[in-house]
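A look at the structure
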Amino acid sequence: MKKFIFILLLSFSSLLGYSQILNEDFESAPANADAAGVWTMNSGDWLVRDNRTNTGQNWKKNTPPATFPANGGTKAAFVDRENTGPGVLAEEWLITPQRNILANSQLRFFTRQTLGGDTGTKYQIRVSSAADRADLTQYTVLVEYTETELSTLTADQLDYEEKVLDLAFTGQRYFAFVKVFTQPALATSGDRWLIDDVKIVEKCLAPTVLGVTTALITATTTPIFWTSTNTQFEVQYGPAGFTVDQPGPNVFTIPVTSNTNPRTVTLTGLLPNTGYQYYVRAVCTDSDSDWVGPFNWNTKPLGSTCGAPIVVTPLPYSDASNTNIYGNNIVNGSPGGAALCGAGAGFLGGNDVVYSYTVENTGNIVISMDPQGATNTGIFVYGSCATVGTTCLAGV
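Structure report, in brief. (Residues numbered from 1 in each chain as written. Predicted model: local features only at pLDDT ≥ 70, side-chain atom pairs only at ≥ 80, totals over all residues. Heavy atoms only, no water.)

**A short note on the overall build of the protein chain**
A count of helical and extended segments in the protein chain gives one helix and 25 strands. At 33 Å, the protein chain has a C-alpha radius of gyration far larger than the 21 Å of a compact globule built from 396 residues. Judged by the C-alpha coordinates and their principal axes, the protein chain covers about 100 × 40 × 40 Å. Evaluated residue by residue, the protein chain yields a buried proportion of 46% over its 396 residues. Counting only carbon and sulfur atoms, one obtains 53% of the accessible surface of the protein chain, whose full area is about 18,500 Å². Once the 23 positive and 34 negative side-chain charges of the protein chain are each reduced to a mean point, those two points are 2 Å apart. (Helix = DSSP H or I, 4+ residues; strand = E, 2+ residues; numbered from the N terminus. Rg over C-alpha atoms; globule rule 2.2 N^0.38 Å. Buried < 20%, exposed > 50% of the residue type's maximum accessible area, 1.4 Å probe, protein only. Areas by Shrake-Rupley, 256 points an atom, 1.4 Å probe, with all protein chains shown as cover. Lys, Arg positive; Asp, Glu negative; His and termini not counted. Charge placed at Lys NZ, Arg CZ, Asp CG, Glu CD.)

**Regarding a nonpolar patch on the surface**
The grouping of Leu315, Ile365 and Ile367 at the surface amounts to a nonpolar patch, some 220 Å² of accessible area in total. Under the relative-accessibility criterion, Ile367 is labelled partly exposed at 31%. (Patch = residues over 30% accessible without salt bridge, like charges linked within 9 Å, V, L, I, M, F, W, Y side chains within 5 Å. Salt bridge = Lys/Arg side-chain N within 4 Å of Asp/Glu carboxyl O.)

**Here we look at the environment of Thr182**
Inspection of the secondary structure puts Thr182 in strand S13 (residues 171-182). When its relative accessible area of 41% is taken as the criterion, Thr182 is described as partly exposed. Taking C-alpha positions, Thr182 is 6.1 Å from Ala90, a pair spaced 92 residues apart along the chain. Non-local contacts of Thr182, meaning those with residues more than four positions away in its chain, are made with Gly87, Val88 and Leu89. (Contact = heavy atoms within 4.5 Å.)

**As for the nonpolar core**
Phe177 and Ile195 are the most contacted members of the largest nonpolar core, which totals 30 residues. Among the elements that take part in this core, strand S14 (residues 193-202) stands out by supplying four residues, more than any other. The contact partners of Ile195, leaving out residues within four places of it in the chain, are Phe26, Trp59, Ala76, Ala77, Leu94, Phe109, Phe110, Thr111 and Phe177. Core analysis: the next-biggest nonpolar cluster, separate from the first, contains 19 residues, Ile224, Trp226, Phe233 and Ala282 among them. (Core = buried A, V, L, I, M, F, W, Y, C linked by side-chain atoms within 4.5 Å.)

**Topic: unusual backbone geometry**
Here the bond from Thr63 into Pro64 is cis, since omega is -10 degrees, no more than 30 degrees from zero. Note that Pro64 resides in the loop between strand S5 (60-61) and strand S6 (77-79). Here the amide bond leading from Leu315 into Pro316 is cis, since omega sits at -5 degrees, within 30 degrees of zero. By secondary structure assignment, the location of Pro316 is in the loop between strand S22 (310-311) and strand S23 (353-359). With a phi close to 65 degrees, Asp245 is a non-glycine residue in the positive phi region. The residue Asp245 is located in the loop between strand S17 (232-239) and strand S18 (252-257) in this model. Residues other than glycine seldom take positive phi values, yet Asn250 does so here, at roughly 60 degrees.

**Focus on the sheet that holds strand S15 (residues 208-212)**
Two modes of strand pairing occur in sheets, parallel and antiparallel, and in both the strands are linked by backbone hydrogen bonds. Strand order in the open sheet formed by three strands is S15-S16-S19, and the pairing between neighbours is antiparallel. Bordering the open sheet on either side are S15 and strand S19 (263-267), each of which pairs with just one other strand. Neighbour to neighbour, the strand axes of the sheet diverge by 15 degrees on average, direction disregarded. (Pairing = 2+ DSSP bridges. Axes fitted to C-alpha atoms, helices over the stretch in contact; angles between N-to-C directions.)

**Examining the pattern of salt bridges**
Here the structure, examined in full by the defined rule, presents 11 salt bridges. Between Glu82 and Arg52 there is a salt bridge; the shortest N-O distance is 3.4 Å. Of the two residues, Glu82 sits in the loop between S6 and strand S7 (89-95) while Arg52 sits in the loop between strand S4 (44-50) and S5, which places them 30 residues apart along the sequence. We note a salt bridge from Arg192 to Asp80, for which the minimum N-O separation is 2.8 Å. Remark: Asp80 occurs in the loop between S6 and S7 and Arg192 occurs in the loop between S13 and S14; sequence separation between them is 112 residues.

**Focus on the state of the cysteines**
Under the counting rule described, the total for this entry stands at two disulfides. Here Cys204 engages in a disulfide with Cys284; their sulfurs sit 2.1 Å apart. Of note, the bridge from Cys204 to Cys284 carries an S-S torsion of about 80 degrees and is right-handed in sense. With Cys204 in the loop between S14 and S15 and Cys284 in the loop between strand S20 (275-282) and strand S21 (292-298), the pair connects residues that are 80 residues apart, well separated along the chain. Of the two residues, Cys204 and Cys284, both sit in the buried class. (Disulfide = S-S within 2.5 Å.)

**A short note on the side chain of Asp197**
With respect to the helices and strands, Asp197 occurs in strand S14. Buried charge without a salt bridge: Asp197, with Lys199 as the nearest opposite-charge side chain at an N-O distance of 6.3 Å. For Asp197, the side chain forms a polar contact with the side chain of Asn71, separated by 2.8 Å. Residues in contact with Asp197, not counting those within four places in the same chain, are Glu24, Asp25, Phe26, Asn71, Gly72, Arg108, Phe109 and Phe110. (Polar contact = N/O pair within 3.5 Å; in protein donor to acceptor, adjacent residues only side chain to side chain.)

**Let's talk about the sheet that holds S21**
The strand order across the open sheet formed by four strands is S18-S17-S20-S21, and the pairing between neighbours is antiparallel. Lying at the two open borders of the sheet, with one neighbouring strand each, are S18 and S21. Strand after strand, the sheet turns through a mean of 25 degrees between neighbouring axes, direction not considered. Bridge count for S17 against S20 is seven bridges, and the pairing is antiparallel. Of the residues in S20, the one forming a bridge with Val235 is Val280.

**Here's the deal with the packing of aromatic side chains**
Counted by the stated rule, this structure contains 16 aromatic pairs. Ring plane angle 45 degrees and centroid distance 6.0 Å describe the contact between Tyr278 and Phe295, whose orientation is recorded as tilted. Taken together, the residues Tyr278 in strand S20 and Phe295 in strand S21 connect sequence positions 17 residues apart. Ring centres of Tyr317 and Tyr355 lie 6.3 Å apart, and the angle between their planes is 70 degrees; this geometry places the pair in the edge-to-face category. A residue pair is termed long-range when its members are at least 10 positions apart, and Tyr317 in the loop between S22 and S23 and Tyr355 in strand S23 qualify at 38 residues. (Phe/Tyr/Trp six-rings, centres within 6.5 Å; stacked < 30°, edge-to-face > 60°.)

Structure below.
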């Protein structure tokens, strides 16, 4: 059933419950640990140890800070190079206070070295559930980085990079940052290590069940939704095929606050009859979740709804199309008006296309249609979107 509906606008003028288990930025740290190796700061007593004599170079405040800067603020934890003699395995340990690890926890920290290349230094994160954190034999390695793996953001390897470790266990734990190096010759070698902004936090869980409200898609707007226990998000959307977190034409990232169930936001300013996709991630106090997506959909062409009609250009005007393109988007089945504008009661029940024309002068307008032999076709004229299906001004 073909119907062409004209709208004549008459005018005579032209982040919930998110828990933080450990947070240390080292700004309160003394220059060194005390004689027993205890390094006291805001998050509690950390412990400095090594695998040999607990003497010589070991973990301390970054000195000088201009040469070895912090990630944030002015202080970071720092361990220098040391001449141990050839063939000596040196392990420099920095151990956190004990913390109770909850489900879905993450260890997050910023880190860098001070030299380019790879001289053989290994950077390890170890964990222990033993009661005595000074018993170094009870630690197991969670992850190990080489010098080329520790800082990968730039070619010189000298930028702070955040490392994120998902913790697959719960209960009381100690964590240790351990620099491991065996000096191969007489000369001092290996690299230094800086860490800063160490946190153990509840993981920011990614949203699930992405979708769009199909019945409310228009040519330029689309309501999208997802499921999450969080309330703060970022949505990235653009033409289908873009790579998330990469700049691209007509790719936009917007902050979203939503408390509805499911979470939702309406994207506006879209292009008609265009394929789109979106990604969404949760934003928590100390981190963001992974991006989730893409979810793909298509906007409707202009003319699919009264809110986004095909605007008739200055007369004379003509258009050739097929209502199958636009779908059935008129709620009322009847054209409305006197004698149903010459059509049956269910005449708006099929596919339809909406045109809009603003009259600039008084006079007569002739509207005609060639249905190309199709049956059950019609044209109906209304004064506004609000009267479509209720008050037909003219029709056939």
